[in-house]
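Observations on chain architecture
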Amino acid sequence: MQVTTILVDGVPKAVVRPNDRKDLARFLRNGRAYFTADAPDAELSHRPADEAEAARWHSGYRLHLAWGGSEEWFFGVPL
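Attention in this report is confined to the structure presented alongside it. Because the structure is predicted, anything quoted here is derived from the model rather than measured.

When helices and strands are counted, the chain shows 2 helices and 4 strands. The C-alpha radius of gyration of the chain comes to 13 Å, within 12% of the 12 Å expected for a compact globule of 79 residues. Overall, the chain is about 40 × 25 × 20 Å in size when its C-alpha atoms are taken along their principal axes. For the chain, with 79 residues in total, the buried portion stands at 34%. Relative to all contacts within the chain whose residues are 6 or more apart in sequence, the contacts with residues 24 or more apart total 52%. As displayed, the chain offers around 5300 Å² of accessible surface, 53% of which is attributable to carbon and sulfur atoms. Taken as two groups, the 10 positive and 11 negative side-chain charges of the chain have centres that lie 3 Å from each other.

Glancing now at the pairing of strand β1 (residues 4-8). Taking burial as the measure, the 5 residues of β1 include 5 buried ones, the bulk of the element. Here β1 shows a buried face lined by Thr-4, Ile-6 and Val-8 and a second buried face lined by Thr-5 and Leu-7. Taken together, the 5 bridges between β1 and strand β2 (residues 11-16) define a ladder with antiparallel strand orientation. Within the sheet, the bridge partner assigned to Thr-4 lies in β2 and is Val-16. Once β1 ends, the chain turns through 2 residues before running back antiparallel as β2, passing Asp-9 with a positive phi of about 50°.

Moving on to the side chain of Glu-53. Here Glu-53 shows up in helix α2 (residues 51-66). Not counting residues within four places of it along the chain, the set of residues in contact with Glu-53 comprises Thr-5, Pro-12, Val-15, Arg-47 and Leu-79.

Turning next to the packing of aromatic side chains. Counting across every chain of the model gives 6 aromatic pairs. Connected via pairs of aromatic rings, a cluster forms that spans Phe-27, Tyr-34, Phe-35 and Phe-75. Residue placement shows Arg-17 over the ring face of Tyr-61; its charged tip is 5.9 Å from the ring centre.

This part covers the pairing of β2. Bridge count for β2 against strand β4 (residues 76-78) is 3 bridges, and the pairing is antiparallel. Residue pairing in the sheet places Val-16 in a bridge with Gly-76 of β4.

For the rest of this paragraph, the subject is α2. Over its 16 residues, α2 runs 22 Å from end to end, which matches the ideal 22 Å to within 8%, given 1.5 Å per residue. Along α2, the positions that sit buried rather than exposed are Glu-53, Ala-54, Trp-57, Gly-60, Tyr-61 and His-64. Projected onto a plane normal to the axis of α2, the buried residues spread over an arc of 125° and lie on a single side. In α2, the exposed positions that point more than 90 degrees away from the buried face belong to Glu-51, Ala-52, Arg-62, Leu-63 and Ala-66.

Criteria and cut-off values
Residues numbered from 1 in each chain as written. Predicted model: local features only at pLDDT ≥ 70, side-chain atom pairs only at ≥ 80, totals over all residues. Heavy atoms only, no water. Helix = DSSP H or I, 4+ residues; strand = E, 2+ residues; numbered from the N terminus. Rg over C-alpha atoms; globule rule 2.2 N^0.38 Å. Buried < 20%, exposed > 50% of the residue type's maximum accessible area, 1.4 Å probe, protein only. Contact = heavy atoms within 4.5 Å. Areas by Shrake-Rupley, 256 points an atom, 1.4 Å probe, with all protein chains shown as cover. Lys, Arg positive; Asp, Glu negative; His and termini not counted. Charge placed at Lys NZ, Arg CZ, Asp CG, Glu CD. Pairing = 2+ DSSP bridges. Phe/Tyr/Trp six-rings, centres within 6.5 Å; stacked < 30°, edge-to-face > 60°. Lys NZ or Arg CZ within 6 Å of the ring centre and 35° of its normal. Expected span 1.5 Å × (residues − 1). Arc of directions from axis to C-beta.

Function-wise, these values are silent; they only describe arrangement.
So, in structure tokens, the structure goes:
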């Protein structure tokens, strides 16, 4: 799946690369309390990452690989 930006009330909060839609849905469900801690009624959504957001994800991914992390264990970074 492509790099995806997680939004809280339209504001980008994290950029992730889920394996599939089921993985994304699980992340949104499980991460809801983290993302909406200040506003429990906030709207949580997602969209494809723009160039700058995708570059931030790739930068974090390269850093993860540099310390010896594996591809399967890297998911995303906060914005």
